[in-house]
Amino acid sequence: MFRRLSVLMCSAWLATPLAVSAQNLSPEEIARIQLDEKAALKKIDAAHGGKKPSEMSNAERRQVIEEQQAARQAVMERHGVSDKDYARQTARMGPKQNEAVAAAQKQLEAQQKAAAAPRPASEEIIPVEIREEMAPAEGAAAAPAEATPEGDMGDIPVSQEEEAGTPIEQMERGQLDPNMPLDKS
């Protein structure tokens, strides 16, 4: 009897780490598995035209179910988790763990969107030569500069609001520019 008890205790002691190792998935790992599973199921759904099960024949429905099961199994194998352990851990998760998984899932989706978003093309650097203006020779006369009247600034588009401006009477004392002419015409 004592021998049976010691064997039972020893086997229970050895089996405990195996049961605990099945519970070691972090919320990030569970979120990755769920995202991969969703992507695999979307591919299968798209391959069958996005039909509802009620719109399929029995043979089509059976084929879709088999493909979905194979896709789920492939995802679990890719992550190194057995279906049983994954199902057991997700079933035992509480509200706090579900929230942590949901937060990790949102973060992973944001990272995937950022990675998939087109990156702006880096600006191409164009080498530009900077040349100094050549001074005229000592004996040569300089070309006359084009004369422009000092007040002429060319054609500058001005909206009617800017042209009208704010009457001086409506401006506060702090808004007046000391260099502004006080012409009340």
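Residues numbered from 1 in each chain as written. Predicted model: local features only at pLDDT ≥ 70, side-chain atom pairs only at ≥ 80, totals over all residues. Heavy atoms only, no water.

J.: Any chance you could break down the packing of helix α2 (residues 27-47) against helix α4 (residues 83-92) for me, citing the residues and the numbers?
T.: Think of two packed helices as two axes; the pair is described by the angle between the axes and how far apart they sit. Following both chains from N to C, one finds α2 and α4 inclined at 115°, their axes separated by 12 Å at the closest point. As summarised for this structure, α2 and α4 are arranged roughly perpendicular, according to the angle between their axes. Along this stretch, α2 crosses α4, giving a crossing that reads as left-handed. In this structure, α2 contributes Ile30, Ile33, Gln34 and Glu37 to the contact, and α4 contributes Tyr86, Gln89 and Thr90. (Axes fitted to C-alpha atoms, helices over the stretch in contact; angles between N-to-C directions. Helix = DSSP H or I, 4+ residues; strand = E, 2+ residues; numbered from the N terminus. Parallel < 35°, antiparallel > 145°, perpendicular 65-115°, else oblique. Left-handed = near helix turned anticlockwise from the far one by under 90°. Contact = heavy atoms within 4.5 Å.)

J.: So what about the packing of α2 against helix α5 (residues 95-116)? Which residues, and what values?
T.: Their axes nearest at 8 Å, the elements α2 and α5 cross at an angle of 60°. Between α2 and α5, the angle is such that the two are oblique. The two elements α2 and α5 cross, and the hand of that crossing is right-handed. Between α2 and α5, the residues in contact are Pro27, Glu28, Ile30, Ala31, Arg32, Gln34, Leu35 and Lys38 and Ala100, Val101, Ala104, Gln105, Leu108, Glu109 and Gln112, respectively. In the contact of α2 with α5, the residues fall into 8 nonpolar, 3 polar and 4 charged. (Nonpolar A, V, L, I, M, F, W, Y, C, P; charged D, E, K, R; others polar.)

J.: A description of the pattern of salt bridges should follow, citing residues and the corresponding values.
T.: One pass over the structure, following the stated rule, counts 3 salt bridges. Ionic pairing is found between Asp36 and Arg78, a salt bridge with its closest N-O pair at 3.9 Å. Placement of the pair is Asp36 in helix α2 and Arg78 in helix α3 (residues 58-79), with a sequence separation of 42 residues. Note on Asp36: relative accessible area 22%, which makes it partly exposed. Residue classification places Arg78 among the exposed positions, given a relative accessible area of 56%. Between Arg72 and Glu37 there is a salt bridge; the shortest N-O distance is 2.8 Å. Linking Arg72 in helix α3 with Glu37 in helix α2, this pair joins segments that are 35 residues apart in sequence. (Salt bridge = Lys/Arg side-chain N within 4 Å of Asp/Glu carboxyl O. Buried < 20%, exposed > 50% of the residue type's maximum accessible area, 1.4 Å probe, protein only.)

J.: Would you mind going over a nonpolar patch on the surface in detail, with residue names and values included?
T.: A cluster of nonpolar side chains, contributed by Ile126, Val128 and Ile130, occupies part of the molecular surface with about 390 Å² of accessible area. Mapped onto the elements, Ile130 comes out in the loop between α5 and α6 (160-164). (Patch = residues over 30% accessible without salt bridge, like charges linked within 9 Å, V, L, I, M, F, W, Y side chains within 5 Å. Areas by Shrake-Rupley, 256 points an atom, 1.4 Å probe, with all protein chains shown as cover.)

J.: Let's hear about the nonpolar core: which residues, and what values?
T.: Ranked by internal contacts, the top residues of the largest apolar core, which has 18 residues, are Leu25, Ile30, Ala31, Ile33, Val81, Tyr86 and Val101. Taken together, the elements giving at least two residues each to this core come down to α2, α3 and α5. For this core, the element with the most residues is α2, which contributes 6 residues. In this view, Val81 contacts Leu25, Ile33, Met76 and Tyr86; residues no more than four positions away in its chain are not counted. (Core = buried A, V, L, I, M, F, W, Y, C linked by side-chain atoms within 4.5 Å.)

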